[in-house]
Every structure is written in C-alpha cells, then in structure tokens.
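Examining the three-dimensional arrangement
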There are 2 protein chains.
Amino acid sequence: MNEEIGASRETQSLANGSLVAEAVAQQLEAMLSAGNYDGVKLLLSPVQPVDIAQAIGTLPMILQALAFRLLNKNEAIEVYEYLDPSVQQNLLDRLRSNEVLDLVEEMSPDDRVRLFDELPAKVVRRLLAELSPEERRVTAQLLGYESETAGRLMTTEFIDLKEFLSVSQALKLVRQRATFSETIYSLYVTDKERHLTGILSLRDLVVADPESLIGEVMTREVVNVRTDTDQEEVARAIQRYDFLALPVVDLEKRLVGIVTVDDVIDVIEQEATRDIYAAGAVQAGDEDDYFQSNLFVVARRRIVWLAVLVLANGLTTQVIAMNDEVLKQVVLLTAFIPLLIGAGGNVGAQSSTVVIRGLSTQRIQRLGLFRAIAKEALAGALLGVSMAVFVVPFAWWQGQGPLVATAVGISLIAITTLAATAGASLPLLFDRMGLDPALMSAPFITTATDVAGVLIYLKTASWLLGRLG
Amino acid sequence: MNEEIGASRETQSLANGSLVAEAVAQQLEAMLSAGNYDGVKLLLSPVQPVDIAQAIGTLPMILQALAFRLLNKNEAIEVYEYLDPSVQQNLLDRLRSNEVLDLVEEMSPDDRVRLFDELPAKVVRRLLAELSPEERRVTAQLLGYESETAGRLMTTEFIDLKEFLSVSQALKLVRQRATFSETIYSLYVTDKERHLTGILSLRDLVVADPESLIGEVMTREVVNVRTDTDQEEVARAIQRYDFLALPVVDLEKRLVGIVTVDDVIDVIEQEATRDIYAAGAVQAGDEDDYFQSNLFVVARRRIVWLAVLVLANGLTTQVIAMNDEVLKQVVLLTAFIPLLIGAGGNVGAQSSTVVIRGLSTQRIQRLGLFRAIAKEALAGALLGVSMAVFVVPFAWWQGQGPLVATAVGISLIAITTLAATAGASLPLLFDRMGLDPALMSAPFITTATDVAGVLIYLKTASWLLGRLG
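Residues numbered from 1 in each chain as written. Chains lettered and ligands numbered in written order. Predicted model: local features only at pLDDT ≥ 70, side-chain atom pairs only at ≥ 80, totals over all residues. Heavy atoms only, no water.

Re the interface of chain A and chain B
Contacts between the two partners involve 140 residues from chain A, matched on the other side by 138 residues from chain B. Remark: the boundary between chain A and chain B carries six salt bridges. Two residues, R240 of chain A and D51 of chain B, come together in a salt bridge whose shortest N-O distance is 2.7 Å. For the pair chain A and chain B, the number of links is 37 residue pairs in polar contact (both at pLDDT 80 or more). For the side of chain A that touches chain B, the element with the highest residue contribution is helix α17 (residues 295-322) of chain A, accounting for 17 residues. Per-class residue counts for the side of chain A that touches chain B are 68 nonpolar, 41 polar and 31 charged. (Contact = heavy atoms within 4.5 Å. Salt bridge = Lys/Arg side-chain N within 4 Å of Asp/Glu carboxyl O. Polar contact = N/O pair within 3.5 Å; in protein donor to acceptor, adjacent residues only side chain to side chain. Helix = DSSP H or I, 4+ residues; strand = E, 2+ residues; numbered from the N terminus. Nonpolar A, V, L, I, M, F, W, Y, C, P; charged D, E, K, R; others polar.)

Below is the structure:
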C-alpha cells in the first residue's frame, strides 16, 4: 500500500497515468540515447513509481537496465514492484547479482511471491538461497499456500501489539516500526501464543487517552479470514465492511498476515475480467499478458470453447437434416431459423448474465433460488410475447398465409421461455454443485437453446402442415 | 470509510457477511415479535453495521422502525447509511420528524446525497430546509455536480492543514478533528485561498520530527482530479497509484473534497456490472434494485436490445427469402446455417469481449489500434481454419459430396475472419468517437455477423452450384 503519498508532475491536473507514462517514455528514450543521465533523474523525480514502471516497460530491453540504475534505491524497489513480470525478468538478467539480491531482499513478501511465481524454478531456488533467513522463511511460507487464497495475497509485514501496553507506548512502537510495515493504520493485538485477540486502528490510538491500555481500547470481535480462504471471499469481505485491511489466521487461529485494500481492488478487477471473458467464450488466463501474448496463445485460449460450441451446433445440424421434409415443402420456413435462434440466444444470454452477476456480487441470494428462476421464466415468456406481436405479422406477410406465421409465433414464445429458464437455472445449479456458474454463461446457453429451438420450430411446423396444409 | 474497525461475532471465523445477516435476521424477528428488546440489543451489539442493515432490510416493514430505534445513536447512523434506499424511505416515513432530522443531519455528505437522489423532490426540499446551514450548504453543493463525477462521489469531511504549522501542532489538530472527518490518514495542505499546495499522510506525520514544519514534510506534487472528472477515471487513478484517497479541486484549483478508496471499490464493481450487462444484452440500471424490481421493469430493461436484435435478424430473414432458389435445390444447405452463424457469432463475441475489456482496464492502449485489429483478424482466420478441419469432413459426409462441404468451408473461414475484424474494430471505433464501446458488444456483433454470414454462405453455394451442380 502506497501510504507515502507519492509525487507526480505539478502540471498534470488530471490523473490519467497512462498518458503521463507515454509522454515520459518518449523523453526518457531520447535522453538515455543521448547519455543525458542528469536529465533523466530530473525528469523522473516528480513522476509516480507506477508511471515510471510503465515508461521503463516501453523502452528497448537494452535501455531498461540503464534507466533502472538511475533511480535511487528506495524508488527502485517501488518501481520494480510495479513492472510487468517480463521486464522484471529482463532486469534480473542484466543487473549485477548483488543489485538483484538487494532488490529481491527489499521487496514486500507478497510482491516477491508474485515475482517468484513467474520465474523459472531454478532461478527461484538460487534467489531463495541467497535471501536473509527471515525473508527466506516468510517467502517459503507464502509460496506454500495455494494460489488465489488469502495466504498468497497477504503480507507478513504488519504491526502487532500486546494488550498490556499503554496507548503512548503503542504509539512509540508504531513510530519505530512504520518503515517495516505495509500499513500502520490497522493494528493487531495478539497474546503470547500469537493468537489474534483484538484489533484497533491508528485513529483509535490517536484519539485515545495516552494512559489507557491497549486491552481497553481495542475491539475484541474481529472479522478475519483463514489462509485457505478464497481470494474472492476476502475481496467481498473488505468491500462489504469498508475495511482497509483484514487479518489472516492459520488453522490454529494464530495471526500470520494481513490483506490490504489495494491488493483487493486488483482481485475484484481480475474476477470481473474472468466473468466477462466467460460471457464472451474466452478462456481466462493471466490477464496481464493478454495484449502481449502471441497469436497462437490467443487462439488456444478460444478454441476450447469454440470446439464445444461447434459440437453442440453439430446437433442442430443433425436435427435439421432429420426433419428436412417440412423444409422441402415450405422453403420459407428456413428464413426464420436465424431470427428464432437469435431471439432464444439473446433472451437466454440476458437471464444467465443477470443470474451469474447476481451470484458473484452476492445479491441474488436475497431473492431465493426458486423465485429467481420463476421470475426469469416469466420474463422470458413476456419478452417472447412482446416480440411475437411484431414478428408474427411480418411472417404472415412474408409467408403469405397463416402456416409460417403460426409456427414462428408459437416457437418464439416457447423458445424464449425455455431459454430464460435454462439461462437462470443452469448457473444456479452449477453454483449449488460447487462448480463455477460462469461455465453456464451466454455462449453455452445460446448454443444449447439452438438445438431445442430448431426442434420445437420444425416439429410445430410439421404438425401445422398436417392440419392446415 | 470505516476506520473504526467494527465488531462482529467472535465465533464467526469466516467473513461471509450475508450468512451472518441471515442468521441475525431470523432471531431478530422472533425477539421483536416477543417484545424481548434487551435480547435484541444483546444480539446486535457484536454485529457489524452492514450486517445489521441487511438483517433489518429483510424484516417486515412494520418491524424495521422498531428494530432501528433499539440501536444507539452512533450505530444508527452507520447502519442507516448501509440500508437499501427503499428501507431508508420506509424509516423516514415511520420515524418521528426529529429522529429523521437527527439522522439526516449526521450522515456523511456523500451518503446523504445518494439518499436524496432516491427521494421524491418534495421530501428533499423539506429535509434540506431543516438541515443546519453548514450541512445544507455542503449538500446543495454536492447535489449541484453531475452524477457519476468526482463531485458527486467526494466527501467534504477531510482534514486540511497549513504549511506554517509544526508537526506536533498538526497532530493535535488531527486528534481534535478525527471524529468529524471521513479519513484522518490522508491530510491536505492549502494556502489562504484554499488552493491545494501539498499532501501528506498520517504516516508521514507520525514518523516526522515533531518540530519540523508541515511545509517541509509534505509532498508538493499532487495527483488530483476535478469535480467534473468521470467517476471511472477517479477509480482508475486510485487503483493505479494504490492511494487511500484522492483530492478533488474545483475549476479555480481550490480543494473542495476527497474521494476515498471504499467508494472507489463500489464504482469499479458498478462499471464491471455495466460492461457485463452490455455483453449480455441487458440495459444497465441501478444495479442495487435489480433483484427487487418487478417483472415489468425487468422486461423493459431487456426489450430495447431485443427489439434492435430482432430488427437486425429480420434482415437475415430477408436475405434468405431473397436467395431461396439455392435452398430449394439443396435443402441440406439449411442444416448448416445455425452452425455457421453460431461460429461467426462466437468468434465475434470473443474479439469484442477482449477489446472492450482491454479498453476499460486501459490495457489495450499499450498495443496500439491497428495492431490490435490486425491481430484479432488473424486470430479469427486461424480459428476459422481450425474449425473447418473438423466441420468440412462432417459436411461432406452429411451432404454426400463436395458442394455443401465446400460452401461450408469457404464461408466458415470468411465469416470468422469478418466477425473477428468487426468485433475488434467496432468497439475501438466507438471509443474513438467518444461513444461507449460496450454498445458494440457481443449481441450486436453476433447479430450483425448473422446477416453477412448468411449472405456469404448462400452466394457461395449458388456460385458452386453453377459450377459443380
């Protein structure tokens, strides 16, 4: 967490950091090529670390290490934490090994673990061996937790106090340990066995009587998560309670780390991207890389979904091939197939979108399972009827008679009702079964509805043809 | 921002607040009906305000005011801020007018403005007239800014210091004003004309020499936003720089408020929901209400998109009706229409999903416009070829000959390439034109591709029929 409120250019009144970084990158490259190193220092001094990191990332690889060496040490560590993993790796290769070690030693444990996740195992082993015993212990511990859990997300650099301290003693302690802690605004109280017994904020400490004891000032009832709690649940808790940080305990309820709000914002964005990608039939991966990855990686992430969808559409093809008698007799029926499966697909997508989003923002729970499905089914029917009011007269005119129009009307309402019901109930079913409801997102619902929709349409048409024809 | 770290039940080791609230609600209703008011107080005392709010929200209306009156005053204000607008209104109707006034007077300005947005204008005018002059001024000011801007999102309750103060004087001031400020962790320095000249954190203050002057300790270069900055840009800035708060200045660069990180998390979620809804052809509204709104509101939010899509599909119908000669001759061609438009739709959806998400997380900008489109077009062609490898033999077998298979193969590759190109370029074009790229999301791309896809397919088939048939 960047509590040292950083610097940026005075002229920049708006906060569009990408633009700042672009402007800086251009000047930076010119100055480095010209050997104007003092100019570089002057240029970078008022720029925020994250913007410097982006600017360095856009430099040619050979200049990256050069620019990086011109930063002072504290700034270098902050900038390094914001660099893309590929740039971080390039720097590891180009800096001298003592420079590398300084850098890795000084990173916060959670950022270091994120870097190690990306590096080859051999490099990680070498770096781990060279860390100081304390940092090695902490890093190995974090690496031991599963990815996307509170254990991986947390930092071990927090301030813990004891109940018998006075407020003024505690304030002194906070002052001493400020530089080694990721946040000083959330403070934790532990007993001899390191069990979490209470929590207080720096605000509580600042307004309290200096003579009172921490045990009197702290709050004893604490919201906490376990090291194995899923990162999404951690994010929801911080968002729900408007916390700046949340304590993480191990199975024996000992305090082992804290998760801060800045990491949680990234989790919320990552989870939203995952849901959006699922809704667009794209397999989610490491989102950071997406716009840098090559064509074959891009294609591979999409072909799995497409293969499933093509297989399902193969069924639709079969259904049509097996029911082609009616199409031979009334070719115009074909013309309404795209409209019908389009309508079914869109209504199904709407229902599944709303339900999946409701599940992930935890809002749908308030409504109850069966009421949610019933409501969506009714909405589907209502939407089908609304569309039929316009589509049926159009079909009558195109088909010059009641046959096509009736088949289209009946199928339209049946298909939209079915699609809405499936769109609402399949994600809910998956969620109940402990599977990711996003697997039942728009593309799957759409394709599944295609098969059923075409079958309903052709069967209705044959039946009508027998009676009207 | 809830810097007073709140209380919850000691037994609750995980942070799933919804479940806590449900359990509390059940006991609450039983105790209230039995008149056990001391029991209610005991039950609620260790529960977090947001969980109390959800529990009260699920009570019958008649019991809501009763439960609310049992809270102590400070807790009542916090709980009130977390209630759904419909429950807030119900309480306004049922509480005595002096109770209402106390409540509204004590709310933070930003939460008050959010409540006023939902209330009938008449009620707002009456409440405004009864507020204290200072709160009235602040509220009227915030109501004057456009919704979804920094001006609406900000709070006016911040701590501002002067450069000539010493660190110890400043600390004393922070202590005095702690209860009236939304955050005490970000501190702002202004000159005589209230222009923002610097910024510092409570951490800076705590570790600084008590004798130094604020002017020496503060950071002069400040990232700030203007009252009319879009809320999404505010959110991106706080996320990018890992800030806890961001200062908001007016056109004359005077400091008028701050936006805190907790409000920003809600904005990020709200914007993600909007994108997800657009991808699912649902019109975004006030998301909070969605699962409470009635069937007709639900249907209305979807019918607009559906109407557009049905119109577009009407074009596909026309294209088929006008090219039905070839279908009359080879009925089996019909069987592949759903597969082809399905493939085109899915590939188009993938490209538009990735591009729209890239635009809103500001990652695509690094790649450049034309490279992004070219990459997506190539990916589309590659995916089309991959699918054709399986689909063409299947079509050959179904169609017992080269005609259908060739038509399907050629169209498949043409359609996926076209769909990917359109899916990537239309959102980018919309973004360039200052329109919301999410309007060009999956459903629109899918439907637009349908028309072109069917046309390509039928024209190819006629041409082949002329040569092979």
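What to know about the side chain of R236 of chain A
Position of R236 of chain A among the secondary structure elements: in helix α15 (residues 231-241). Using a relative accessible area of 12% as the deciding quantity, one classes R236 of chain A as buried. Here the side chain of R236 of chain A touches Q239 of chain A through a polar contact of 2.8 Å, side chain to side chain. Ignoring sequence-local partners within four residues, the contact set of R236 of chain A consists of S360, T361 and Q362 of chain A together with E269 of chain B. (Buried < 20%, exposed > 50% of the residue type's maximum accessible area, 1.4 Å probe, protein only.)

A word on the packing of helix α19 (residues 337-360) of chain A against helix α20 (residues 369-399) of chain A
Residue and element names in this part refer to chain A. Contact geometry for α19 and α20: axes closest at 11 Å, N-to-C directions at 150°. Relative to α20, the element α19 is oriented roughly antiparallel. In the packing of α19 onto α20, the handedness of the crossing is right-handed. The residues of α20 that touch α19, namely those facing L339, A343, V347, Q350, S351, V354 and V355, are E376, G380, L383, M387 and V391. Taken together, the residues that form the contact of α19 with α20 break down as eight nonpolar, three polar and one charged. (Axes fitted to C-alpha atoms, helices over the stretch in contact; angles between N-to-C directions. Parallel < 35°, antiparallel > 145°, perpendicular 65-115°, else oblique. Left-handed = near helix turned anticlockwise from the far one by under 90°.)

Considering the nonpolar core
L202 and L205 of chain A together with L202 and L205 of chain B are the most contacted members of the largest nonpolar core, which has 88 residues in total. Residues contacting L202 of chain B, with those up to four places away along its chain left out, are Y185, L202 and V206 of chain A together with L171, V174, I184, Y185 and L187 of chain B. Formed by 80 residues, the second largest nonpolar core is a distinct cluster that contains A321 and L383 of chain A together with A299 and I415 of chain B. (Core = buried A, V, L, I, M, F, W, Y, C linked by side-chain atoms within 4.5 Å.)

As for the UniProt feature "transmembrane region" (unreviewed entry) in chain A
Taken from the UniProt record, the annotation "transmembrane region" (unreviewed entry) applies to residues 303-321, 333-356, 377-397 and 403-426 of chain A. Secondary structure across residues 403-426 of chain A divides into 100% helix and 0% strand, with the first and last C-alpha atoms of the span separated by 34 Å. (UniProt positions renumbered as here; feature names shortened; annotations may be inferred.)

A closer look at the UniProt feature "domain: CBS" (unreviewed entry) in chain A
Residue and element names in this part refer to chain A. The sites that carry the UniProt feature "domain: CBS" (unreviewed entry) are, in the present numbering, residues 154-217 and 218-276. The distance from the first to the last C-alpha atom of residues 154-217 is 26 Å, and the span holds 33% helix and 20% strand. Across residues 218-276, helical content stands at 46% and strand content at 22%; the span's end C-alpha atoms are separated by 41 Å.

Focus: the sheet that holds strand β4 (residues 225-226) of chain A
Taken together, three strands build an open sheet; the order of strands is β4-β5-β6 (chain A) and the sheet is mixed. Each end of this open sheet is capped by a strand with a single partner; those strands are β4 and β6 (255-260) of chain A. (Pairing = 2+ DSSP bridges.)

Quick notes on the confidence of the model for chain A
Within chain A, residue pLDDT values average 84, and 93% of them lie at 70 or more. When the criterion is pLDDT under 50, residues 1-15 of chain A qualifies, and its contacts beyond four places in sequence or with other chains add up to 64 contacts. (pLDDT = per-residue confidence, 0-100.)

Details of the sheet that holds strand β1 (residues 159-161) of chain B
Residue and element names in this part refer to chain B. In spatial order, the strands read β1-β2-β3; together these three strands make up an open sheet with mixed pairing. Where the open sheet ends on each side, the last strands, each with one partner, are β1 and β3 (196-201). Averaged over all neighbouring strand pairs, the angle between strand axes comes to 35°, with direction disregarded. Sheet analysis places strand β2 (residues 186-190) next to β3, joined by five bridges and oriented antiparallel. Directly across from V189, in β3, lies its bridge partner G198. Docked against the sheet, helix α12 (residues 167-177) engages β1 and β2, running at close to 160° with respect to β1.

Remarks on the domain arrangement of chain A
Under the domain assignment used here, chain A contains domain 1 (17-147), domain 2 (160-269) and domain 3 (287-468). Computed from C-alpha coordinates alone, the two centres of domain 1 of chain A and domain 3 of chain A are separated by 49 Å. (Domains from an automatic or database assignment.)

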